[in-house]
Amino acid sequence: MPQFCDVAVPVPLDVTFTYRIPENTPEPVVGARVIVPFREQRLCGIVTELHDREPSFRTRRLSQVLDSAPVLTPELMHLGRWIAQYYIAPIGEVFRAMLPLSAEFRRAVGYHITEKGIEALHTASTVGSSRRSQREPAHQMLEYAVLNCLADGEVTREGTLRSGTGASRAVLQTLLRKKWIAREDLSDVRDASRTVQIAVLKNLAGKLNKNQQSIVSYLRLQDGQRAPVEAVRELAVPRTTLQTLVRRGLVQLVEEPATFRMSGMKPRKLEFLFTPAQKVALEQITTAAGERKFLPMLLHGVTGSGKTAVYLSAMQAVLAMGRSALLLVPEIGLTPAMAADLHQIFGDEVAILHSGLSDDERAEQWKRIRHGDSRIVVGTRSAIFAPLEDLALIVVDEEHDHSYKQEEMPRYHARDVAVMRAKMCNAAVLLGSATPSLETYYNATQGKYRLLELPERIEKRPLPEVEILDMREEFQRTRKDEPLSMKLLEEIGERLARNEQVMVLLNRRGYSAFVLCRECGESVQCKNCAIAMTYHKREHRLLCHYCGFQKPAPRTCSKCGSEFVQYLGTGSEKLEHILHGLFPQARIARLDRDTVRGRDDFERMLSAMHAGEIDLLVGTQMIAKGHDVANVTLVGVVGSDAALSFPDFRAAERTFQLLTQVAGRAGRGDTPGKVVLQTFFPDHYAIQFAAAHDYHGFYEKEIRFRSWMHYPPFNAVSNVLVRSPKLEEALAWSGVLGKWFAGTKLDGVRVMGPAAAAIVRLKTEYRYHFLLKSASRERMNAVLRAMLEHAAEQKIPRNNLVVDVDALSLI
């Protein structure tokens, strides 16, 4: 057995760590998980190499081997190394993101008081508490609160300690440096198998009171006189009643494996009557999937052209070959409907992976895929790492969507990773969209991708008519600043009278965009971010949509005390309120992050929409993606041109995509659809081409601007963000890197900055950034790695530097 193993652990360091393999320990294997000591804690890492090369430094011992077989196949290990190299991400962080098995190893930290801490607490207690509180700063009071909490000598978990004392991690770090407290690793390995507790009716001996009779009657009506305990506890009886029945032997509680619910949505009626264009596309896709050769394809089809039917039929063909297929969707909200369709066709061959599942559910689904029980997988971006064997086809639906780009370490783009994974395993990859990203369509025009087109809707249905309403003229006519035009209200009334359904898009959450004092001009800013807080009327609170900070809505101005506080701007909550007042008989619902907290909420909302139980749906961009409701004949677009003013070279592209996608929700049944597009920029080319359903016209105009300005797809773009809770640190580090960039020969790489980020303070951190452009990705990568080496030499912490390769967001 080898003496040493190299392990990639999830820390922000671009290296692996060597550990000695103890005697009498099961031999680890490459690609398997192990538990290793790292500083003062234990971490779960992935073995990358076994060897007998003894390091020149003292090595620590491996703690535990979790797997006897690899959890990451050689193909996935290769893919992970490519991601780490290309996106300049620590390999341990990459492997962590690839494995949804965190439920099996729970990291936890606890603290206990030391002898020095007891002495400090005793010394402090000799001084009157009132005298101390008058002269000691707040952080010292928190330190003594922590010591008091730990005074019994027991180990207390960090979460319990912080919630009980209000101490931050910084306070705990200070106490650790003073050696008043010590940290203990409480991490443990657990079985992630999901179980459910079942109440089983055994006999009916003895008298029962009214509450007990309710439970017994309920169980007698169930199949096998048994029901989940959670269902029993929903009855209107005290929680102790069930325990009483258990003690009397009338009911028995048993643990059983939990079943997984694929989707709560009713599957659609699927009839694949293909158009000639669909048949041509399907034939090329299935042929490519069967040849075991890498072939990237772009399926460009207008909204309602039947792209999903092509995906599903191609996956059927792949399954008939005895091989596997993977379908990526951009949003959790699109997963239930797609999963229901897939389950209808493929049954238990389907697995689902997305962040809306619990840790245990994700682990369970991953294991089904790994064991070969599921050969069809649908999920969001992390599903690209599903451990499918003999992968023949990867489909990326709505490939243009920015949700495929991860905005935290590792910052990979799932679409591009899908293309690379297909290349590594000689599979076909299909990118589908009505509004492809400029990079993808450019690759198709250059012959890198095969272009497949669906130019018409199925059944010869027309694309919706789009009417552009100039809101400047609306204001001139009405002299009122109203979010809804008279024309749009008139159209809504007509559709509701005909029992047709309506969608209204306003891509802004909340009731009012910001709060302003009309006397001194002060707005209410988030304490953690340089951004105005949004008013949410239902909770009567102000909320920061970036960090989640909340505070009560003010009655008076905090600066001047004035009572003239005004709530300005319109969000989806206010729009819903307005529409309820204008159409009191209509059944109106709202779909945004405030009304949808989990997948069950989303499924209920969409099921109600499909069943015709909702007449008018108001929402953010969540309503714009992929939903196919036949009775929606009108879509109203409110305020969605505001993104054109963003300091982002992709602003026009994003606006065009959003408008085209939401317009595509109208007229997907037998009745033609219409779109009323309200805008303050009616002459902007993004608005004009979206109204004309003219992707090619938009592409030709936008691609010229990109070429002139050396933006993607002609140049690669990376964003380097310097961040720190201390302004002086962020400025100093930005200066250090700025001098390095200025004094280094950067062949073929252009650097702009440093400059303050569009939101200069976010989540308590000040942010400055550099924008790098280059026609060569290799040169860009080399410069970024050299920059990171210089930063390390200058003692700039890696956590305070964000390197975003192929950045999509510059905000």
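You'll find the structure just up there.
Attention in this report is confined to the structure presented alongside it. None of the values given here were measured: they were computed from a predicted structure.

## Examining the packing of aromatic side chains
Here's step 1: Per the stated rule, a full pass over the model turns up 19 aromatic pairs.
Here's step 2: For the pair Phe 656 and Tyr 695, a centre-to-centre distance of 6.1 Å together with 50 degrees between the ring planes defines the contact as tilted. Of the two residues, Phe 656 is situated in helix 21 (residues 651–663) and Tyr 695 in helix 23 (residues 695–709); the sequence distance between them amounts to 39 residues.
Here's step 3: A ring pair is formed by Tyr 695 and Tyr 699, whose centres lie 6.3 Å apart and whose planes are at 25 degrees; its orientation type is stacked.

## Regarding helix 21
Here's step 1: The end-to-end C-alpha separation of helix 21 is 18 Å, in line with the 18 Å expected for 13 residues at 1.5 Å each.
Here's step 2: Counting buried positions over the 13 residues of helix 21 gives 12, a clear majority of the element.
Here's step 3: Those residues of helix 21 that fall on the buried side of the exposure criterion are Ala 651, Ala 652, Glu 653, Thr 655, Phe 656, Gln 657, Leu 658, Leu 659, Thr 660, Gln 661, Val 662 and Ala 663.

## Describing the side chain of Glu 491
Here's step 1: Along the chain, Glu 491 falls in helix 18 (residues 486–497).
Here's step 2: Every residue in contact with Glu 491, bar those within four places of it in the chain, is listed here: Glu 467, Leu 634, Lys 674 and Val 676.

## Looking at the packing of helix 16 (residues 438–445) against helix 23
Here's step 1: Packing of helix 16 against helix 23 brings their axes to within 11 Å, and their N-to-C directions diverge by 100 degrees. The orientation of helix 16 with respect to helix 23, classified from their angle, is roughly perpendicular. From helix 16, Leu 438, Tyr 441, Tyr 442 and Thr 445 reach across to helix 23, where they touch Tyr 695, His 696, Phe 698, Tyr 699, Glu 702, Ile 703 and Arg 706.

## Some points on the side chain of Asp 592
Here's step 1: By secondary structure assignment, the location of Asp 592 is in the loop between strand 29 (588–591) and helix 20 (599–610).
Here's step 2: Since its relative accessible area comes to 0%, Asp 592 is described here as buried.
Here's step 3: Polar side-chain contacts of Asp 592 include one of 3.0 Å to the side chain of Arg 590.
Here's step 4: Setting aside its immediate chain neighbours within four residues, Asp 592 contacts Arg 509, Ser 572, Thr 620 and Met 622.

## Points about the environment of Glu 75
Here's step 1: Within the secondary structure, Glu 75 is located in helix 1 (residues 74–86).
Here's step 2: With 349 residues separating them in the primary sequence, Glu 75 and Met 424 have C-alpha atoms 7.3 Å apart.
Here's step 3: Not counting the four nearest positions on each side in its chain, Glu 75 is found in contact with Leu 388, Arg 421, Met 424 and Cys 425.

## What about helix 12 (residues 307–320)?
Here's step 1: Across its 14 residues, helix 12 extends 20 Å between first and last C-alpha, which sits within 8% of the 20 Å expected from 1.5 Å per residue.
Here's step 2: Where burial is concerned, most of helix 12 is hidden: 10 out of the 14 residues are buried.
Here's step 3: Following helix 12 by one or two positions, Gly 322 adopts a phi angle in the positive range, close to 85 degrees.

## Focus on the sheet that holds strand 32 (residues 674–679)
Here's step 1: Read from one edge of the open sheet, 6 strands run 22-32-31-23-30-29, paired in parallel fashion. Either end of the sheet is taken by a strand with one partner, and the two such strands are strand 22 (465–470) and strand 29. Neighbour to neighbour, the strand axes of the sheet diverge by 15 degrees on average, direction disregarded.
Here's step 2: Bridge count for strand 23 (residues 501–505) against strand 30 (residues 616–619) is 4 bridges, and the pairing is parallel. Its bridge partner lying in strand 30, Met 503 is registered against Leu 617.
Here's step 3: Its contacts with the sheet put helix 17 (residues 471–478) on strand 22 and strand 32, and the angle it makes with strand 22 is roughly 55 degrees.

## Comments concerning the sheet that holds strand 27 (residues 550–552)
Here's step 1: Read from one edge of the open sheet, 3 strands run 25-26-27, paired in antiparallel fashion. In the strand order of this sheet, the two ends are held by strand 25 (534–536) and strand 27, each with one partner. Within the sheet, the average angular offset between the axes of one strand and its neighbour, ignoring direction, is 35 degrees.

Conventions adopted
Residues numbered from 1 in each chain as written. Predicted model: local features only at pLDDT ≥ 70, side-chain atom pairs only at ≥ 80, totals over all residues. Heavy atoms only, no water. Phe/Tyr/Trp six-rings, centres within 6.5 Å; stacked < 30°, edge-to-face > 60°. Helix = DSSP H or I, 4+ residues; strand = E, 2+ residues; numbered from the N terminus. Expected span 1.5 Å × (residues − 1). Buried < 20%, exposed > 50% of the residue type's maximum accessible area, 1.4 Å probe, protein only. Contact = heavy atoms within 4.5 Å. Axes fitted to C-alpha atoms, helices over the stretch in contact; angles between N-to-C directions. Parallel < 35°, antiparallel > 145°, perpendicular 65-115°, else oblique. Polar contact = N/O pair within 3.5 Å; in protein donor to acceptor, adjacent residues only side chain to side chain. Pairing = 2+ DSSP bridges.

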